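# Report on the structure
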Amino acid sequence: MMLPYSSQGQGETTLVLMHYLGGSHRTWLPALPYLDRYYHCVALNTPGFGDAAGFKGYDVASMVRQVDDTIRGLGLKKVILVGHSMTGKVALALAAQRPDYLEKLVLVAPSPPGPQPMSDEGREAQASYQGTRAEAEKFVDGSCSARLPEPLREVAIADAQSASLAAWHAWPLSGSREQWRERIGRIDIPALLVLGSEDRNVPGIDAQREMMQTHLPQGKLEVIEGAGHLMPMQTPQALAARILAFAAG
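Summary of the structure given here. (Residues numbered from 1 in each chain as written. Predicted model: local features only at pLDDT ≥ 70, side-chain atom pairs only at ≥ 80, totals over all residues. Heavy atoms only, no water.)

Across the six residues that make up strand S6 (residues 191-196), a large majority, six, are buried. As judged from the four bridges shared by strand S5 (residues 102-108) and S6, these two strands associate in the parallel manner. Its bridge partner lying in S6, Val 108 is registered against Val 194. Looking at chain direction, S6 and strand S7 (residues 219-224) are connected through six bridges and run parallel. By the bridge assignment for S7, Val 194 is matched with Glu 222. In terms of handedness, the path from S6 via helix H9 (residues 205-215) over to S7 forms a crossover that is right-handed. (Buried < 20%, exposed > 50% of the residue type's maximum accessible area, 1.4 Å probe, protein only. Helix = DSSP H or I, 4+ residues; strand = E, 2+ residues; numbered from the N terminus. Pairing = 2+ DSSP bridges. Right-handed = clockwise from strand over helix to strand, strands pointing away.)

In this structure the tally under the stated criterion is three aromatic pairs. Geometrically, the ring pair formed by Phe 139 and Trp 168 is edge-to-face, given 4.9 Å between the ring centres and 65° between the ring planes. Placement of Phe 139 in helix H5 (residues 133-142) and of Trp 168 in helix H7 (residues 165-173) is noted, with a sequence separation of 29 residues between them. Given the relative accessible area of 17%, Phe 139 is considered buried. The exposure class of Trp 168 is buried, given its relative accessible area of 1%. (Phe/Tyr/Trp six-rings, centres within 6.5 Å; stacked < 30°, edge-to-face > 60°.)

With that settled, the discussion passes to H9. Buried residues of H9: Gln 208, Met 211, Met 212 and His 215, and no others. Looking straight down H9, one finds that the buried residues subtend no more than 95° of arc, so they occupy a single side. H9 presents Asp 206 and Gln 213 as exposed residues on the side facing more than 90 degrees away from its buried surface. Check the buried side of H9 and you find it contacts helix H3 (86-95), S5, helix H8 (181-184), S6 and S7. (Arc of directions from axis to C-beta. Contact = heavy atoms within 4.5 Å.)

Taken as a whole, this structure holds 15 salt bridges when the rule is applied. In this structure, the salt-bridge partner of Arg 26 is Asp 51, at a minimum N-O distance of 3.2 Å. Residue Arg 26 is located in the loop between strand S2 (14-17) and helix H1 (32-35), and its partner Asp 51 is located in the loop between strand S3 (40-44) and helix H2 (60-73); the two are separated by 25 residues in the primary sequence. Exposure remark for Arg 26: the relative accessible area of 27% places this residue in the partly exposed category. Assessed through its relative accessible area of 44%, Asp 51 is described here as partly exposed. Among the charged side chains, a salt-bridge network with shared partners connects Asp 141, Arg 147, Glu 150 and Arg 153. (Salt bridge = Lys/Arg side-chain N within 4 Å of Asp/Glu carboxyl O.)

What follows is about the packing of helix H4 (residues 120-127) against H7. In the contact formed by H4 and H7, the axes pass within 8 Å of each other and the chain directions differ by 160°. Taken as axis vectors, H4 and H7 run roughly antiparallel relative to one another. Our pair here, H4 against H7, has a crossing hand that is left-handed. Contacts from Arg 123, Gln 126 and Ala 127 of H4 reach H7 at Trp 168, His 169, Trp 171, Pro 172 and Leu 173. Considered class by class, the residues forming the contact of H4 with H7 number five nonpolar, two polar and one charged. (Axes fitted to C-alpha atoms, helices over the stretch in contact; angles between N-to-C directions. Parallel < 35°, antiparallel > 145°, perpendicular 65-115°, else oblique. Left-handed = near helix turned anticlockwise from the far one by under 90°. Nonpolar A, V, L, I, M, F, W, Y, C, P; charged D, E, K, R; others polar.)

Let us now look at unusual backbone geometry. Here the phi dihedral of Ser 85 falls at roughly 60°; this positive angle occurs in a residue that is not glycine. Mapped onto the elements of the fold, Ser 85 is located in the loop between strand S4 (79-84) and H3. For Ala 109, which is not a glycine, the phi torsion comes out positive at approximately 40°. Here Ala 109 lies in the loop between S5 and H4. A residue is classified by how much of its surface remains accessible, and Ala 109, at 0% relative accessible area, is buried.

Across the sheet, which stays open at both edges, the seven strands sit in the order S1-S3-S2-S4-S5-S6-S7 with mixed pairing between neighbours. The outermost strands of the open sheet, each flanked by one partner alone, are strand S1 (5-8) and S7. Neighbouring strand axes in the sheet, compared pairwise and without regard to direction, differ in orientation by 15° on average. Of the pairings in the sheet, the one linking S1 to S3 comprises four bridges and is antiparallel in character. For Gln 8, the partnering residue across the bridge sits in S3 and is Cys 41. The sheet contacts of H9 involve S5, S6 and S7, and relative to S7 the element is tilted by about 160°.

Structural measurements only, silent on function.
Here it is as structure tokens:
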């Protein structure tokens, strides 16, 4: 079964855009006007989130399989895969399978391929999340270095509230703890890693650089100064500019 998605723009190369824990295809709305002038853009909803709230399969391997099935079902031949946070781990795991359509890889503030370091307090907060307005507000605001513009903030809050709680809880309790380092190994593909200087949700720049050296020898690291975790919504133009430059390189 194919995952729900949005599609816009045109071109022989497709940017397949995936979202963070609690996001959806709507996560990418602010960045799309900068990207879809040059590329076909497909923004996916991963199992349990957005329009895929009713879909099952929350472990990394299940997400990889469903993303791959969707890309193949859409008949995409040239893909730049973009993973953000939770789906950064999914993107790495999919890239490790060397699918014939994959040309380049972009990781935006990715979760690491091994177990994600997280404070007990942070893990407990995610694992006990119940989708209330107050929890969703705290989650969204805490993931940004500056408050999002109100319309965008409301989109992010609505996405967080509409997520499947089973999918949400599965990530801190299981998916984020999965060990994929050996299965991923070295991936010889052009890769871009984009981090926010003020992001406190994922491992810092040094840890990300070590991850890249281990798994992505062709990787390039970019840091968006002042950005928090939700770069597609908080700094869409700066993020899009880096993706476009990498895609065209």
